[in-house]
Amino acid sequence: MNKILTIARKELTAYFKSPVAYIVLVITISVFNVFFYLIIDDNREASLRDMFKVMEFMFIFIVPILTMGIFAEEKLTGTMEFLMTTPTTNTEIVLGKYLGSLTFFTVIFGTTLIYYPIIEFFGQPDLAATLSGYAGIWLEGALFIAVGILMSSLTRSQIVAAISSYGVLFSLSFSALFTKYLPSPAETLVIYAGTASHAQNFAVGLVTPGDLIYFLSGIFACILLARLSVENRIWQ
Amino acid sequence: MSEVSFEIRRGEIVGFLGQNGAGKTTLMRILTSYLPATTGEVIIGGEDVRDNSLAVRKKIGYLPEIPPLYPDMTIGEYLRFAAQLKDVPAARRREEIDRVLTECDLREVRNKTIRTLSRGFRQRVGIAQAIINDPELLILDEPTIGLDPVQILQVRKLIRNLKQKRTVLLSTHILSEIEQIAQRVIIIKSGRIIADQPLDALLNTSGSQKKILIRFKGDRQAIERTLLDIPNLKLTSVDSMEEVHSMELEIANSHDNYNELVGKILGGKGRILEVRERREDLENIFVRLNLADPHTRV
């Protein structure tokens with residue numbers, strides 16, 4: 001556990017030493033604030049449901065930027081060889097990196113928590129629905145981070161890692177929009193595999209074991225695959 | 001790699017020599033468990049690299065060809081990170097970091113960001129991380145590659161100091177480096193070991209023949225005629241400057257009494273000024289072995 005925290009701390013520190021992370025942080029918070037104002041001004045409703053959709057969409061764009069270098073950069077600069085020849089297990093390396101990225105993501109996510117007291121000041125929001133909505137978005141972000149880390153573990157190129165992450169995240173998020181062109185069994189499968197239906201349930205205050213299992217098993221599968229990818233050094 | 005087999009005793013300093021692409025880095029990566037060997041076994045300090053990789057990694061310190069550094073960290077932060085990953089106990093961490101900073105002469109720059117360091121300093125930081133866990137076996141892959149002459153001397157001096165306490169495995173294609181640091185040489189070609197000998201023995205090996213140089217004053221023609229009567233001896237070159245003549249002779253390794261041999265050659269027709277065995281230098285041996293059949297092992 002100590003080594004997981006050591007690697008997580010190193011990743012987190014690296015984010016705060018990188019200008020890219022600050023740019024992502026500032027742009028994301030600015031976009032969120034603008035949309036929050038526009039949505040509240042337009043809807044006149046004490047609810048963050050539409051705001052969660054904006055956050056979900058924004059996280060698709062920022063997560064690959066945060067995760068693209070996690071493994072790809074280490075491989076390119078040769079520090080991966082250092083990490084993997086220390087007495088540290090591959091699982092500790094992958095979990096440490098995941099935890100570091102997830103913590104930075106949580107910092108960005110945490111800045112949006114201010115919206116609840118604001119809407120509460122002006123109206124009577126549904127606390128349970130808001131909390132479950134936040135939980136859903138956080139879980140979705142945690143899955144996105146796991147996907148990004150998996151993609152980064154497969155390549156030495158940060159660009160390839162980012163583009164492949166975008167590919168997977170767009171497929172997960174928007175494939176459900178195209179299900180009308182698919183035969184019935186495939187339609188059900190694509191809807192289940194996509195994040196939209198699961199996140200939607202959280203946004204309306206519906207927390208189901210099925211949705212929780214969907215996100216947690218997705219995260220677990222990506223971390224497991226990333227570990228296998230790190231372990232298989234011959235073809236890399 | 002194919003049919004690679006060798007054993008290194010505790011405290012030995014072994015140099016891996018080979019041309020670029022010979023397999024030195026691959027071999028080091030297998031030893032450090034970074035790459036798995038498809039067949040065969042590697043035992044380090046009694047532990048099998050495949051079955052007990054974590055235990056092996058605790059015993060080794062490794063400097064890859066490109067020093068594995070994080071540019072945004074300071075030297076102190078990087079060494080602390082390395083110490084944590086290498087299981088240096090928390091109570092001893094500060095002491096160990098101070099030790100390697102002193103050993104690698106980095107105390108003055110410990111708070112500098114790695115990005116701002118010169119190549120020589122970066123190499124020393126790389127060595128510092130390799131020895132932070134006080135390893136039994138230190139594996140250095142091309143530790144002086146890309147350094148300027150002053151930096152090369154500094155890093156060699158550092159390695160010479162380190163070898164007093166540890167087993168060191170060093171790969172390079174700089175022959176003089178091996179001559180200055182190593183006690184034993186393993187030469188690799190196309191993934192095979194083509195020579196594995198103590199440095200002195202390798203330098204004295206040049207097949208079944210050896211060369212001696214004789215400088216003398218006297219009747220050169222008469223002496224050359226005498227040479228024709230002596231078995232297992234061949235005149236390879238002759239040079240004269242005023243009255244002093246130099247002859248290089250190739251003789252059988254069995255000739256070990258030079259006084260008797262030279263007496264027979266000169267036979268009262270000249271006066272000896274110098275008799276010297278000409279050792280083949282490492283560069284020649286390296287080139288000769290690399291030109292030879294890769295299946296021949298010295």
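Once a new chain begins, its residue numbering starts again from 1 and follows that chain's sequence as written. Lettering for chains starts from A, numbering for ligands starts from 1, and both go in the order in which the items are written. Side-chain atom pairs in this predicted model are given and counted only at pLDDT of 80 or more, local residue features only at pLDDT of at least 70, and totals for whole chains, interfaces and linings cover all residues. Note that the side-chain values use all heavy atoms of the structure and ignore hydrogens as well as water.

The secondary structure listing takes helices from DSSP runs of H or I that are at least 4 residues long and strands from runs of E that are at least 2 residues long, numbered from the N terminus. A tally of regular secondary structure across chain A gives twelve helices and zero strands. Starting at the N terminus and ending at the C terminus, chain A contains elements arranged as α-α-α-α-α-α-α-α-α-α-α-α. Against the 2.2 N^0.38 benchmark of 18 Å for 236 residues, chain A shows a C-alpha radius of gyration of 19 Å, consistent with a compact globule. Reported as C-alpha extents along the three principal axes, the dimensions of chain A are approximately 55 × 45 × 30 Å. The buried share of chain A, taken over its 236 residues, is 48%. Pairs of residues are marked as contacts when any of their non-hydrogen atoms sit within 4.5 Å. Residue pairs at least 24 apart in sequence account for 75% of intrachain contacts in chain A once pairs closer than 6 positions are excluded. Using a 1.4 Å probe, the Shrake-Rupley method yields the accessible areas, and only the shown protein chains count as cover for residues. Surface accessibility of chain A: about 10,900 Å² in total, with carbon and sulfur atoms responsible for 72%. Radius of gyration: over C-alpha atoms. The globule rule applied is 2.2 Å multiplied by the number of residues raised to the 0.38 power. Only protein chains enter the accessibility calculation, which uses a 1.4 Å probe; a residue whose area is less than 20% of its type maximum is buried, one above 50% is exposed, and one in between is partly exposed.

For chain B, the helix and strand inventory stands at eleven helices and twelve strands. Expressed along its principal axes, the backbone C-alpha trace of chain B runs to roughly 80 × 45 × 30 Å. Here chain B holds 298 residues, and the buried ones make up 49% of them. Restricting the contact set of chain B to residue pairs at least 6 apart, pairs at least 24 apart contribute 71%. Here chain B displays about 14,700 Å² of accessible surface, and carbon together with sulfur accounts for 46% of that area. Charge assignment: positive for Lys and Arg, negative for Asp and Glu; neither His nor the chain ends contribute. By convention, the point assigned to a charge is CZ for Arg, NZ for Lys, CD for Glu and CG for Asp. Across chain B, the mean location of the 45 positive side-chain charges is 4 Å away from that of the 42 negative side-chain charges.

Next up on the list: the pattern of salt bridges. Any carboxyl oxygen of Asp or Glu that lies within 4 Å of a side-chain nitrogen of Lys or Arg is treated as forming a salt bridge with it. Evaluation of the coordinates by the stated rule reveals 27 salt bridges over all chains. One salt bridge connects arginine 92 of chain B with glutamate 96 of chain B, and the closest N-O pair in it is separated by 3.3 Å. Residue arginine 92 of chain B and its partner glutamate 96 of chain B are located together in helix 4 (residues 90-103), separated by four residues, close to a single helical turn. Arginine 92 of chain B sits in the partly exposed class, given a relative accessible area of 36%. Put simply, arginine 124 of chain B and aspartate 105 of chain B hold a salt bridge, and the shortest N to O gap is 3.9 Å. Of this pair, arginine 124 of chain B sits in helix 5 (residues 119-131) while aspartate 105 of chain B sits in the loop between helix 4 and helix 5; the two residues are 19 residues apart in sequence, bridging distant segments of the chain. Overall, the relative accessible area of 8% leaves arginine 124 of chain B in the buried class. One network of salt bridges, in which partners are shared, links Lys10, Glu11, Glu74 and Lys97 of chain A.

Tallying the contact residues gives 22 residues for chain A and 26 residues for chain B. For the pairing of chain A and chain B, the buried interface totals around 2,300 Å² over both sides, and the portion due to carbon and sulfur atoms is 65%. When two parts are brought into contact, each loses some accessible area as probed by a 1.4 Å sphere; the total of that loss over both is the buried area. The three residues of chain A that bury the most area against chain B are Glu81, Phe82 and Pro87 of chain A, which together make up 29% of that side's buried surface. Polar contacts, as used here, are pairs of N or O atoms within 3.5 Å; protein pairs need one atom able to donate a hydrogen and one able to accept it. Residues neighboring in sequence count only if both atoms are side-chain atoms. The tally of links between chain A and chain B comes to ten residue pairs in polar contact (both at pLDDT 80 or more). Counting residues per element, the side of chain A that touches chain B draws most heavily on helix 5 (residues 79-84) of chain A, at six residues.

Take helix 4 (residues 69-77) of chain A next. Considered for burial, the residues of helix 4 of chain A that qualify are Gly69, Ile70, Phe71, Ala72, Glu74 and Lys75 of chain A. In the stretch just after helix 4 of chain A, glycine 78 of chain A is the one whose phi turns positive, near 90°.

All names here are of chain A. Stacked, tilted and edge-to-face are the three classes assigned to paired rings of Phe, Tyr and Trp, where Trp is represented by its six-membered ring and a pair needs centres within 6.5 Å; plane angles under 30 degrees give stacked, over 60 edge-to-face, the rest tilted. Summed over the entire model, instances satisfying the criterion amount to 24 aromatic pairs over all chains. A centroid spacing of 6.5 Å and a plane angle of 45° characterise the contact between tyrosine 166 and phenylalanine 170, whose relative ring orientation is tilted. Taken together, the positions of tyrosine 166 and phenylalanine 170, both in helix 9 (residues 158-174) and four residues apart, correspond to about one turn of that helix. On the basis of an interplanar angle of 75° and a centroid distance of 5.1 Å, the ring pair of tyrosine 214 and phenylalanine 215 is categorised as edge-to-face. The exposure classification of tyrosine 214 matches that of phenylalanine 215, with both residues buried. Any Lys NZ or Arg CZ that is within 6 Å of a ring centre and within 35 degrees of that ring's normal is treated as a charge sitting over the ring. It is lysine 97 that lies over the ring of phenylalanine 71; its NZ or CZ is 5.4 Å from the centre.

Moving on: the pairing of strand 6 (residues 167-172) of chain B. Residue and element names in this part refer to chain B. A large share of strand 6 lies buried, amounting to six of its six residues. On strand 6, burial covers both faces: Thr167, Leu169 and Ser171 on one face and Val168, Leu170 and Thr172 on the other are all buried. By the bridge criterion, five bridges tie strand 1 (residues 13-18) to strand 6 in an arrangement that is parallel. In the sheet register, phenylalanine 16 faces strand 6, and the bridge partner there is serine 171. In this description, strands pair whenever DSSP reports at least two bridges between them.

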